[in-house]
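Structural features, examined
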Amino acid sequence: MISDGALAAAERAVDLSGRDPARARALASSLLRSAPTTGSGGEAAAVAHRALALAARELGDLPLAEEHLHRAVDVALAAGLPHRAAQARLSLVPVRAELGHPGQALALAAAAEPHLTPVEVAKLGVHRAVALARLGRYAEAVQECDRAVGLLGGDTRFLAGALLNRGLARTLLGEFETAESDLTRCAELARESGLDHLLALAEGNLPFLAARRGDLAGAFSAYRRAESSLFGCPERLAVMRCDLAEALISAHLPGEARALLDRAVPELAAAGAEVALAEARLHLARAELRTGDPHRARQSAQRAAADLAAQGRTVLVPLATEVLLRARLALGPPCGELLAEMLSCADALDGAGHRDVSGGLRLTAAEAALQAGDRETAEEQLSRLARSGTGVLSRQATAVRRALAGDRRGAFATVLTGLAEVGARAAAVEDPMVRAHAVRAGEPLAGFGLALALRTGRGRTVLAWSERWRAVVGGAGRPIAPDLGELRAALGDAALVEFARHGDELVAVAITPERVTLRRLGSFATAAEATVRLRYGLRRTHLRDGRSPGVAGEAALLERLLFGPLRGRLGDRPLVIVPTGTLHTLPWPVLPMNAGRPVSVATGAAAWLAGYRARAVRNGGVVAVAGPGPRCAGAEADMVGALHRGAERVVARRPAVLAALERAGTAHLAAHGMFCPRSPLLSSIDLDDGPLMAYDLLRLRTPPGLVVLSACDAGMAHVPVDGAPLGLAGTFLSLGTRCVVASLVPVRDEETLTLMTAFHGLLSAGHPPVSALVMASAETAVDGFVCFGYGGQPVATGLDGSATQLDQDPT
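The structure reproduced in this document is the subject of the present report. These numbers come from a predicted model, not from an experiment.

A few words now on the overall build of the protein chain. Helix and strand counts for the protein chain stand at 36 helices and 14 strands. Here the protein chain has a C-alpha radius of gyration of 31 Å; the compact-globule value for 811 residues is 28 Å, and the two agree. Reported as C-alpha extents along the three principal axes, the dimensions of the protein chain are approximately 100 × 70 × 45 Å. Among the 811 residues that make up the protein chain, the fraction classed as buried is 58%. Pairs at least 24 residues apart make up 68% of the contacts formed inside the protein chain by residues separated by at least 6 positions. Within the protein chain, the 85 negative side-chain charges are centred at a point lying 4 Å from the centre of the 87 positive side-chain charges.

As structure tokens, this is what we get:
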């Protein structure tokens, strides 16, 4: 009777392990202290060890779980109980898979299956799916779970586990609707049954699902919720971060992914989760490479390749090798040995089923071969890619081959066809942020088109190809350039200067009423470094850390670098500037030539022209928000209310602010701002209930026509591709806001209030934003703010949506 009672208590501990692992651990430990492990007590001891293992796994201690399961197997076999040994092996399958040995896990499953009941075989299928997914065999994982779901109706814990594993595998297969259904049902079952751990896992996979399907706003929101629910489970939280990071890398958001992986890798190492750790290091290597850190990428890729090979995960090893080779290429010139390794890796990638990655590596190898003077190897790889059919890689390979053969017209036509294909797919993506990253695959093709245009030496041609890519990024659906006659008519007496770069070469195309001028300006890196120095000097000056004597010199240097060959043609005209890359962070009005000149900064000539075409003033009142922190935020909001009839003061809480932004015509937000350069979607404005993130704004459907961001660095942007500056100001513009006024450097609270008082006074009197800003800056001697977008139209600032019409400025 004692042994029967001990066995029943051990079985209770197994049942408790999913709902209350701490109680299960206490009960099983008590049994092992009092019950013999041999003879009649061996069965209870084997089950108790299994209960301890299940509890340890729920609590994130995988090595301890493995230890207890091995002891459970040994005790059961010593007692002549093959069924109990098979049950322990059943539980050992996911542990071995998660510890980095999915192949061994499948072997354990095969050894256990003959000794299990039909229902236990179904449970084994749930665990086998974990190992199959780790090996990249997602369709087989789904099949295992399909068989299990039909047999597990009475076991809520394993049924929820089957739905969880199937939902994750379906996500990886791109079957998003059925994946969401599985994860939602898993969460419901777990919630009803008190399976908090499974509930947390189901909710923890929702950010990954959202990111894989392209819903970045939903992904970050789900991540924020799941982060709270997984608190106390560091290994599970780290796995969730890795899953989301993988999806973000696929969405061309390596900065955001790296921020997550920098936290996840040490957490997984501490938990001993070797499988997840190897994958995390692979993802980290990819993120490091794409954020311009090849040294660290090489180290991470070497470690990942070694770990994956040791785990027998041959499907993933070539992916780590590909990152390693690209890092080596970034660190030095190509050589014959490196080219041979790249082509060997491409073959391995083909064999492992990673054909898209293989094609990209072959194209890179062809370009490296041309650089090294090995035209034969380049032609061979280009021909192979061109024969592969349609797609961006095939188009680029064909274009390069035609250019090498002297057929420039044919090369242009091929590039245009490829960009049209990219644009058609991108136009189906409603979210502007997601679209900006989804088009990244077409960036090398667009760069080749720009290189061909530069060879013509014609400004019109260079402008057209620069704008075609910006049109694709902006969601036009087709790689179209604005009509030059219409653009000139809209500009009037103003001039537009569009900057573009190919490699490190910076060029500018200037459009004036008289002509279109192309000028080569030299090194982009030189201009970018001067921009950083200028911003640093302005930052010190505004924060009064000490007068920076080099500010005037850096501003004059940048003027020479960027406008020296164009200065005579531009005169003192109002100016529309279309930057490239880091130049989006340059406070253009501080250049000496721009003193007193209306200057607008646009994402593209076509984007500025679209703002010009939208002549109608949107009805909607003025709203003002004062966030916590800045001493003068409340005074700013009161000033806005005093200068604009019917203006509304909105409480500084996220739901209220987002609702106000939907209905307002003009919005003024006075608060502390933070720009996150590695993760621009995490840039924020501080409100009373926490930060309002850039990704929160993605849910807006009718943003204000004019947004004034009176917050430090709110105009800063990271530009993954030209035409898509990411940050707070860029997010508003991408959603349809015509004009954003924001700072690119910190400005002291009192000075900001002084500038904004003058600005809103001029705005309420009917001056358009670009004119109001330049006049207010001249009046107050406060600089650092920039007019983004189209700011040449007076805005509605009254209850009836009226605006006094004064001097409309073309910029």
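Let us keep going from here.
Here G690 is to be found in strand 11 (residues 690-693). Note: C-alpha distance between G690 and G550 (140 residues apart in sequence) is 37 Å.

Spanning 17 residues, helix 13 (residues 234-250) covers 24 Å between terminal C-alpha atoms, matching the ideal 24 Å at 1.5 Å per step. Two residues or fewer past helix 13, H252 is found with a positive phi of approximately 60°.

Okay, the pairing of strand 1 (residues 495-502) next. Within strand 1, six of the eight residues are buried, which leaves it mostly tucked inside the rest of the structure. Strand direction decides the pairing type here: strand 1 and strand 4 (residues 575-578), joined by four bridges, are parallel. In the sheet register, L496 faces strand 4, and the bridge partner there is V576. Where strand 1 lies against strand 2 (residues 505-511), seven bridges are found, and the strand directions are antiparallel. Bridged to R501 within strand 2 is L506. Hairpin connection between strand 1 and strand 2: a loop of two residues separates the two successive antiparallel strands, and G503 in this loop has a positive phi of roughly 65°.

Our focus in this paragraph is the sheet that holds strand 4. Spatial ordering of the open sheet is given by 3-2-1-4-5-14-13-12-8-6-7, a layout of eleven strands whose pairing is mixed. A single partner strand is all that each edge strand has here, and the edge strands are strand 3 (516-523) and strand 7 (648-650). The average undirected angle you get between the axes of adjacent strands in this sheet is 20°. Where strand 5 (residues 599-601) and strand 14 (residues 785-789) come together, two bridges link them in parallel fashion. By the bridge assignment for strand 14, S600 is matched with C787. Helix 25 (residues 459-473) rests against strand 1, strand 2, strand 3 and strand 4 of the sheet, and its axis sits at about 75° to strand 1.

Calculation notes
- Residues numbered from 1 in each chain as written.
- Predicted model: local features only at pLDDT ≥ 70, side-chain atom pairs only at ≥ 80, totals over all residues.
- Heavy atoms only, no water.
- Helix = DSSP H or I, 4+ residues; strand = E, 2+ residues; numbered from the N terminus.
- Rg over C-alpha atoms; globule rule 2.2 N^0.38 Å.
- Buried < 20%, exposed > 50% of the residue type's maximum accessible area, 1.4 Å probe, protein only.
- Contact = heavy atoms within 4.5 Å.
- Lys, Arg positive; Asp, Glu negative; His and termini not counted.
- Charge placed at Lys NZ, Arg CZ, Asp CG, Glu CD.
- Expected span 1.5 Å × (residues − 1).
- Pairing = 2+ DSSP bridges.
- Axes fitted to C-alpha atoms, helices over the stretch in contact; angles between N-to-C directions.

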